[in-house]
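Inside the fold
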Amino acid sequence: MLAQSRTARARRRRWTLILAAVVAGFATAALAGFAVAKTFTLNVGKNAKVTNFNTRAVKSENVATNSKGFVIYTLSGDSKQHPKCRQNNGCLGFWPPVT
């Protein structure tokens, strides 16, 4: 009878450890998923001072930023036939594309 209660306690302890390992695994996976999702999240920088390159006019606008706070630019003057921002003119080194 004493051996039977030891066996029951050992079984219960084993299942407790298994359950703790499963819960820890899910928690770790959730945290890793959150960290990965955060790196791909775009944010909004409100009332950022934006300067027009040609006219030097400054105005406040909401701008899209990446998770590190860098502004995401849209090159509206580009087209597939005539890209203004290219590798050979150094533009992509200054404004790397968002990946």
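Coordinates for the structure precede this section.
Attention in this report is confined to the structure presented alongside it. Each residue is numbered by its place in its chain's sequence as written, counting from 1. Where totals are concerned, whole chains, interfaces and linings use all residues; where local detail is concerned, this predicted model gives features only for residues with pLDDT of at least 70, and gives and counts side-chain atom pairs only at 80 or more. To get the side-chain values, all heavy atoms of the structure are used, and hydrogens and water are removed first.

Overview of the side chain of Thr65
Put simply, the rule reads: Only DSSP runs of H or I with at least four residues qualify as helices, and only runs of E with at least two residues qualify as strands; both kinds are numbered from the N terminus onward. Categorising residues by exposure relies on relative accessible area from a 1.4 Å probe, with only protein chains included: less than 20% of the type maximum marks a residue as buried, more than 50% marks it as exposed, and the intermediate range marks it as partly exposed. It only takes one pair of heavy atoms within 4.5 Å for two residues to be counted as in contact.
Inspection of the secondary structure assignment puts Thr65 in strand β2 (residues 58-65). Looking at Thr65, the relative accessible area reads 10%, which means it is buried. Dropping the residues within four chain positions of it, Thr65 is found in contact with Thr41, Leu42, Asn43, Val44, Gly45, Phe70, Val71 and Ile72.

Quick look at unusual backbone geometry
We note that Asn47 has phi near 55 degrees; this positive angle belongs to a residue other than glycine. Locating Asn47 in the fold gives a position in strand β1 (residues 43-51). Positioned with a positive phi, Arg56 is a non-glycine residue whose angle comes to about 65 degrees. As for its position among the elements, Arg56 is in the loop between β1 and β2. By relative accessible area, Arg56 is classed as exposed at 56%.

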